[in-house]
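What follows is each chain in one-letter form.
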Amino acid sequence: MSRIGVFICHCGENISRTVDVERVAQVTARLPGVAIALDYKYMCSDPGQNLLKKAVAEHKLDGVVVAACSPRMHEKTFRNAARAAGLNPFLCEMANIREHCSWVHEDREEATAKAIDIVKFTVSRVKKDRALAPITVPITKRALVIGGGIAGIQAALDIADAGHQVVLVEREPSIGGHMAQLSETFPTLDCSQCIMTPKMVDVANHPNIKLYTWSEIEEVSGYIGNFQVTVRRKARSVDEDKCTGCGVCMAKCPQKKIDNAFDRNLGTRPAIYVPFPQAVPNTPVIDRDNCTRFKTGKCGVCEKVCGPGAIDYGQQDQLIVEPVGAIVVASGFDLYNIGPKPADSPYEGYGEFGYGAIPDVIDGLTFERLASASGPTGGKILRPSDGKEPKQVVFIQCVGSRAREKGISYCSKICCMYTAKHTMLYKHKIHDGQAYVFFMDARTPGKNYDEFWRRAVEEEEAVYIRGMVSRLYQKGDKVVVMGSDVLVGVQVEIEADLVVLATAVQARTGADLLAQKLGISYDRYNFYSEAHAKLKPVECATAGIYLAGACQGPKDIPDTVSQASAAAAKVMTLFAKDQLEREPIVARVNERNCAGCLACKKVCPYGAVEEKEIRDRNGNLIKTVAYVNPGVCGGCGTCQATCPSKSVELDGYTDEQIMAMIEAL
Amino acid sequence: MSPNRKFALSYSYYPGCSLHASAKEYDVSTKGVFNALRIGLKEVPDWFCCGATPAHNVDELLSLALCAKNLSLAGKVEGDLAVACAACFSRLKTTQHRLKENDIKRKQVETAIDGPVPLGKKVKHLLEILAKDFGLDKLEGAVQKPLTGLKIACYYGCLLTRPPEVPELDDCEAPTIMENVIKAVGGEPVAWSHRLECCGANFTLSRPGVILKLSNEILASAKDAGADCIMVACPLCHGNLDIRQEEIEQATGRRYGMPVFYITQLVGLACGVSPLRLGLESMIVSPAALLREKNLL
Ligand SMILES: Cc1cc2nc3c(=O)[nH]c(=O)nc-3n(C[C@H](O)[C@H](O)[C@H](O)COP(=O)(O)OP(=O)(O)OC[C@H]3O[C@@H](n4cnc5c(N)ncnc54)[C@H](O)[C@@H]3O)c2cc1C
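Thresholds applied
- Residues numbered from 1 in each chain as written.
- Chains lettered and ligands numbered in written order.
- Predicted model: local features only at pLDDT ≥ 70, side-chain atom pairs only at ≥ 80, totals over all residues.
- Heavy atoms only, no water.
- Helix = DSSP H or I, 4+ residues; strand = E, 2+ residues; numbered from the N terminus.
- Contact = heavy atoms within 4.5 Å.
- Areas by Shrake-Rupley, 256 points an atom, 1.4 Å probe, with all protein chains shown as cover.
- Lys, Arg positive; Asp, Glu negative; His and termini not counted.
- Charge placed at Lys NZ, Arg CZ, Asp CG, Glu CD.
- Near = heavy atom within 4 Å.
- Polar contact = N/O pair within 3.5 Å; in protein donor to acceptor, adjacent residues only side chain to side chain.
- Salt bridge = Lys/Arg side-chain N within 4 Å of Asp/Glu carboxyl O.
- Buried < 20%, exposed > 50% of the residue type's maximum accessible area, 1.4 Å probe, protein only.
- Nonpolar A, V, L, I, M, F, W, Y, C, P; charged D, E, K, R; others polar.
- Expected span 1.5 Å × (residues − 1).
- Domains from an automatic or database assignment.
- Buried area = accessible area lost by both parts, 1.4 Å probe.
- Pairing = 2+ DSSP bridges.
- Patch = residues over 30% accessible without salt bridge, like charges linked within 9 Å, V, L, I, M, F, W, Y side chains within 5 Å.
- Phe/Tyr/Trp six-rings, centres within 6.5 Å; stacked < 30°, edge-to-face > 60°.
- Lys NZ or Arg CZ within 6 Å of the ring centre and 35° of its normal.
- Axes fitted to C-alpha atoms, helices over the stretch in contact; angles between N-to-C directions.
- Core = buried A, V, L, I, M, F, W, Y, C linked by side-chain atoms within 4.5 Å.

Draft legend 1. Quick peek at the overall build of chain A. Broken down by element type, chain A carries 18 helices and 34 strands. Principal-axis analysis of the C-alpha atoms gives chain A an extent of 90 × 75 × 45 Å. Put simply, 69% of the contacts in chain A that link residues at least 6 apart link residues at least 24 apart. For chain A, the accessible area works out to roughly 29,800 Å², and carbon and sulfur atoms hold 51% of it. The positive charge centre, built from 79 side chains, and the negative charge centre, built from 79, are 3 Å apart in chain A.

Dropping the structure here:
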């Protein structure tokens, strides 16, 4: 006969408001095999846990049921308490009477009856629990960081400084991300390049960082502590070891008329290029789609002029496998485009703003390039259409953000601040110019943020108009902005020389594909999902994978850097141990019964099932059976449901246990 | 003989009040064009006012019931429902949209009109019929006198494409359907800024000052864009731009002399409908000189 203890939690009032916890205790105390049933206000508190420990000792319990919240919340807590009381922790199970009962029901009678049922079947399950020992797996103490924006750079440097190897994979020819494109940054107006480039150089020089630029993630397999990552190094057509970065090839390249994406197409670049002068690494790449040599076979100037002979037209993509123990995803964001909706995008675009066809209507990032000392105009704010200095500039906030009808209902968080910054940068450069801002709300929480915004309004004389813009159209060389001022209650029309749109921060195009390779989840906007909105903000639900920066949601630099360091700290915590302890809730094969059909191997989503040969003493093959690698098994139970001979079972969820639970109802 | 047997395409037709009064030329030219293109058109018997712009400002149920009753009358005539007036089109489509998404409203309206509302009956604006059902290719093939050299400002007004979820006609803020029709019949649509601005519509009697301002901006931007004339698909817009043009000219001191055509008048001209069957003579700003200059008359 078992001796089971049942502990029913009130969860403050969360459970006791709808469930009569005392009655649950009374009823379950009489179940066969239950030695004691108690209720308590907060089981997870210290006194609550002590109650459990004391009962284990006093009543010599051989199993424990805690009827409280979801096991995702507190299973660990109570299993630790059971262990402290000398019980095998896997003989302690939770009965979820909060999420599965009190929170979703209103009728007290019915909810109480249901809570009793839940406790009943959990008691039946615990009776058939086995004592289990945790599984340990070795940890590869190297980390992969995906994306070399400020988030990836910070995470890589932190982990590398802690003495661990880091593989940093960046898709573009240089690291830097969006921050490299910014002019000066709020809230202090320090130059982005000045604070960014030293960090980029640190990455390049760090002995613990292996930098792969112009590279992408091809495939990811394995699990926490033991990932195998295949990286595709795209053909650069330039030998990185030989290139000295002298730049002669770029100067002599005859094809110089290619839109420079880094400068938001305001300037041009050659076919062999680095995206910007401070690029890291300073090794150019040949843009094969636009290179005359690759298009017609008739050029080869760069090869001729390259002193060290670094040009290699025959270079091929290379696939490299890197074993790592943890992954930090830092792939950043894209900006909303007001152009017409592409077929594969959920976003509508702005027909009322001309769908991006008016040349002097630009976005905030383009304005950053205009204002940047290293930009295409050398830091002079000149409008794209005719290169004139704009004397009236209208800034429009919330373009695409907080606009449900356009597909995005969230706030992009950074635009109020960078628009205020833009009005200042503008005023600092064009003293007699006037900036207008159309805004819905000015959202400026953050240290020194509201002060910054007030400065834009009070000292730099930006005129803030609360209201939205209904239409932009070209009239002569002006852009007419039709909007409303909802505070005064009038229609406003401004003839602007330049219009700057604070377009929404959106997830990277293709962010979903990367997530699928990594096996991490993402929200309806394709931003990556953290494991818990409050308590696990940098962890993914997939163990061993962490998030940093704007790939998780709109973020400014301070938040991005904090999150990147937090993700790095999580990686270091993982690497602090040599072995990783894993829950032993894994599938086991009964080798005697297994017929070796390997149906389980086909259905296993984790690739945990291997073939195992069973041989006699003389080495003759007797049969082949399935073997579940406990390090890889995710404990989903799919194999158990599939096995035709019932030869594989998940510990803690065996068929016998599940049948017993059903019978208890 | 039923029109359905005579023509490959055939519609029930809701002209709306304006087309029997101030916008007779729209009705006449619609029939002229449809006849020329051999598209059947059968007027809904006993139709009445859709409530237009006033009703829904006063009482939503009334405005829905007026349209619902008309839809139910239209349900008795075969074919999708062709509508010429942008306001009627908007009201009829809005009614269907509202009643489809709101069961309670639908039941109230059904009680009010004592019968079901045919929510599946397709309501189509003439533009849609010409551009989509009949098709631009066939329209091009039907042209006898292309509108070569005629620079036309296609004016949608505010109702034809809005709100985005209701008319299902074209891109709500950057439509091209009118321009496409004009190109098919050989005209030259101009690029201009005020294609979708409001003309003031029903303020025409209550606050004429508003009309003067809004309609003046439309005329001015069409003129500045180099247009010879404006083309509309709504009798309310027509009233403001054509009938009030002289008043606007007096108030602003700028002379426009800009004929304002209905789409069916221009398509009719191109497809060889006799000018006498297009109601050109009822236009206040006479198009005669312009059309003669372009050899279209
Ligand atoms: C107009 C504008 C002005 C701003 N001004 C300020 C300011 O003044 N102050 C401030 O604090 N913040 C500002 N920000 C916000 C700032 O840009 C972001 O906080 C910051 O860039 C986020 O960094 P990140 O590394 O997360 O993303 P990103 O900068 O987007 O970097 C991501 C990197 O990952 C790479 N990558 C993407 N996908 C892959 C892949 N699949 N494989 C490999 N690599 C990949 C990208 O190429 C990129 O290098 C501004 C933003 C904008 C748009």
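Draft legend 2. Just the site of the ligand, in detail. All names here are of chain A. Close to the ligand lie 37 residues, the nearest being Glu170, His178, Lys421, Lys555 and Ile557. Here isoleucine 150 contributes a backbone N or O atom positioned 3.2 Å from an oxygen atom of the ligand. A distance of 2.8 Å separates an oxygen atom of the ligand from a polar backbone atom of isoleucine 557. Compared with its free state, where it exposes 1,000 Å², the ligand has 98% of that area covered by protein.

Draft legend 3. Just the pattern of salt bridges, in detail. In this structure the tally under the stated criterion is 63 salt bridges over all chains. Here A:Lys128 and A:Glu656 are joined by a salt bridge, their closest N and O atoms 3.8 Å apart. Of this pair, A:Lys128 sits in the loop between helix H5 (108-127) and strand E5 (135-138) while A:Glu656 is found in helix H18 (residues 655-664), placing the two residues 528 residues apart along the sequence. Here B:Arg162 ties to B:Glu173 by a salt bridge, and the two come within 3.1 Å at their closest N and O atoms. Of the two residues, B:Arg162 is situated in the loop between strand E5 (151-154) and helix H8 (177-184) and B:Glu173 in the loop between E5 and H8; the sequence distance between them amounts to 11 residues. We note that B:Arg162, like B:Glu173, is buried. The network of salt bridges with common partners includes A:Glu75, A:Arg79, A:Glu93, A:Arg125 and A:Glu583.

Draft legend 4. Main features of the interface of chain B and chain A. Of the residues lining the interface, 8 residues belong to chain B; the matching set on chain A comes to 7 residues. Counting across the chain B and chain A interface gives 2 salt bridges. Two residues, A:Arg471 and B:Glu197, come together in a salt bridge whose shortest N-O distance is 2.6 Å. In the side of chain B that touches chain A, the residues fall into 2 nonpolar, 2 polar and 4 charged.

Draft legend 5. Layout of helix H7 (residues 192-205) of chain A. Over its 14 residues, H7(A) runs 20 Å from end to end, which matches the ideal 20 Å to within 8%, given 1.5 Å per residue. In the core, the buried residues of H7(A) are packed alongside helix H6 (150-161), strand E7 (165-169), strand E8 (184-185), strand E9 (190-191) and strand E10 (209-212) of chain A.

Draft legend 6. Expanded view of the domain arrangement of chain A. Residues and elements named next belong to chain A. Parsing chain A into structural domains produces domain 1 (4-127), domain 2 (142-234 + 317-332 + 509-575), domain 3 (248-305), domain 4 (335-506) and domain 5 (587-664). The distance between the C-alpha centroids of domain 1 and domain 5 comes to 32 Å. Listed by partner, the interface residues are 4 residues for domain 1 and 6 residues for domain 5. Interface area for domain 1 against domain 5, summed over the two sides, is near 550 Å², with a carbon-plus-sulfur share of 59%.

Draft legend 7. Fine view of the side chain of B:Glu173. The exposure class assigned to B:Glu173 is buried, which follows from its relative accessible area of 14%. Engagement of the side chain of B:Glu173 in a polar contact is seen with the side chain of B:Arg162, the distance being 3.1 Å.

Draft legend 8. The arrangement of the pairing of strand E12 (residues 226-233) of chain A in detail. Residues and elements named next belong to chain A. Within E12, 6 of the 8 residues are buried, which leaves the element mostly enclosed by the surrounding structure. The antiparallel hairpin formed by strand E11 (residues 215-223) and E12 contains 2 residues in its connecting segment, where glycine 225 sits at a positive phi of about 85°. One ladder, built from 7 bridges, connects E12 with strand E17 (residues 318-324); its direction is antiparallel. Along E17, the bridge assignment pairs threonine 230 with valine 321.

Draft legend 9. Summary view of a nonpolar patch on the surface. A cluster of nonpolar residues, A:Val486, A:Leu487, A:Val488 and A:Val490, forms a patch on the protein surface that exposes about 390 Å² of accessible area. In this fold, A:Val488 is placed in the loop between strand E25 (478-485) and strand E26 (490-496).

Draft legend 10. Just unusual backbone geometry, in detail. A cis amide bond links A:Val280 to the next residue, A:Pro281, at an omega of 0°. Relative to the helices and strands, A:Pro281 is located in the loop between strand E15 (272-273) and strand E16 (285-286). A cis amide bond links B:Arg162 to the next residue, B:Pro163, at an omega of -10°. Within the fold, B:Pro163 resides in the loop between E5 and H8. For B:Ala52, which is not a glycine, the phi torsion comes out positive at approximately 40°. Mapped onto the secondary structure, B:Ala52 falls in helix H3 (residues 52-58).

Draft legend 11. Region of interest: the packing of aromatic side chains. Across all of its chains, the model carries 14 aromatic pairs over all chains by this definition. Residues A:Tyr350 and A:Phe353 carry aromatic rings whose centres are separated by 4.9 Å and whose planes lie at 35° to one another, so their mutual orientation is tilted. Across this residue pair, the class does not change: A:Tyr350 and A:Phe353 are buried. Note on B:Tyr155 and B:Trp192: the rings are 6.2 Å apart at their centroids and 50° apart in plane angle, and the pair reads as tilted. Of this pair, B:Tyr155 sits in the loop between E5 and H8 while B:Trp192 sits in the loop between strand E6 (188-189) and helix H9 (203-206), and the two are 37 residues apart along the sequence. According to the relative accessible area criterion, B:Tyr155 is buried, its value standing at 1%. An aromatic cluster of at least three residues, connected via ring pairs, comprises A:Tyr336, A:Tyr347, A:Tyr350 and A:Phe353. Taking NZ or CZ as reference, A:Arg125 lies 4.2 Å from the ring centre of A:Tyr653, over its face. A cation over an aromatic ring shows up here: B:Arg207 above the ring of B:Phe203, its NZ or CZ 5.6 Å from the ring centre.

Draft legend 12. Structural view of the sheet that holds E10(A). Residues and elements named next belong to chain A. Ordered in space as E10-E7-E6-E18-E29, the 5 strands form an open sheet in which the pairing is parallel. Two strands in the sheet have a free side with no partner beyond their single neighbour: E10 and strand E29 (545-547). Taken over all neighbouring pairs, the strand axes of this sheet differ in orientation by 20° on average, direction set aside. Summarising the sheet, E7 and E10 pair through 4 bridges and their orientation is parallel. The residue of E10 that forms the bridge with leucine 168 is leucine 211.

Draft legend 13. Representation of the environment of A:Lys295 in the model. Residues and elements named next belong to chain A. Mapped onto the secondary structure, lysine 295 falls in helix H9 (residues 292-296). As for lysine 295 and cysteine 636, which are separated by 341 residues in sequence, their C-alpha atoms are 51 Å apart. Residue contacts for lysine 295: discarding those within four places in its chain leaves Arg288, Asp289 and Asn290.

Draft legend 14. Expanded view of a positive patch on the surface. Together, A:Arg72, A:Lys76, A:Lys536 and A:Lys577 make up a region of like positive charge exposed at the surface. Its place among the elements puts A:Lys76 in helix H3 (residues 71-84).

Draft legend 15. Just the environment of A:Pro281, in detail. Residues and elements named next belong to chain A. Relative accessible area serves as the criterion here: at 18%, proline 281 is assigned to the buried category. In this structure, the C-alpha to C-alpha distance between proline 281 and tyrosine 212, residues 69 residues apart in sequence, is 9.5 Å. In contact with proline 281, other than residues within four places in its own chain, are Pro173, Leu211, Thr213, Arg236 and Glu240.

Draft legend 16. Region of interest: the domain arrangement of chain B. Residues and elements named next belong to chain B. Taken domain by domain, chain B holds domain 1 (9-125) and domain 2 (136-293). If you average the C-alpha positions of domain 1 and of domain 2, the two centres end up 23 Å apart. Contact with domain 1, which involves 25 residues of that partner, is made by 26 residues of domain 2. Across the domain 1 to domain 2 interface the summed buried area is about 2,100 Å²; carbon plus sulfur atoms make up 72%. One can count 1 salt bridge joining domain 1 with domain 2. Glutamate 168 is the salt-bridge partner of lysine 93, the closest N and O atoms lying 3.1 Å from each other.

Draft legend 17. Representation of the nonpolar core. Counting 149 residues, the largest nonpolar core has A:Ile327, A:Val329, A:Leu472 and A:Val499 as its most contacted members. Considering every element that reaches this core, the biggest residue donor is H6(A), with 8 residues. Look past the residues within four positions of A:Val499 in its chain and what remains in contact with it is A:Asp360, A:Val361, A:Ile362, A:Val394, A:Ile396, A:Leu472, A:Val479 and A:Val481. In terms of nonpolar packing, the next biggest core, distinct from the first, is built from 96 residues, B:Leu99, B:Ile152, B:Cys237 and B:Leu296 among them.

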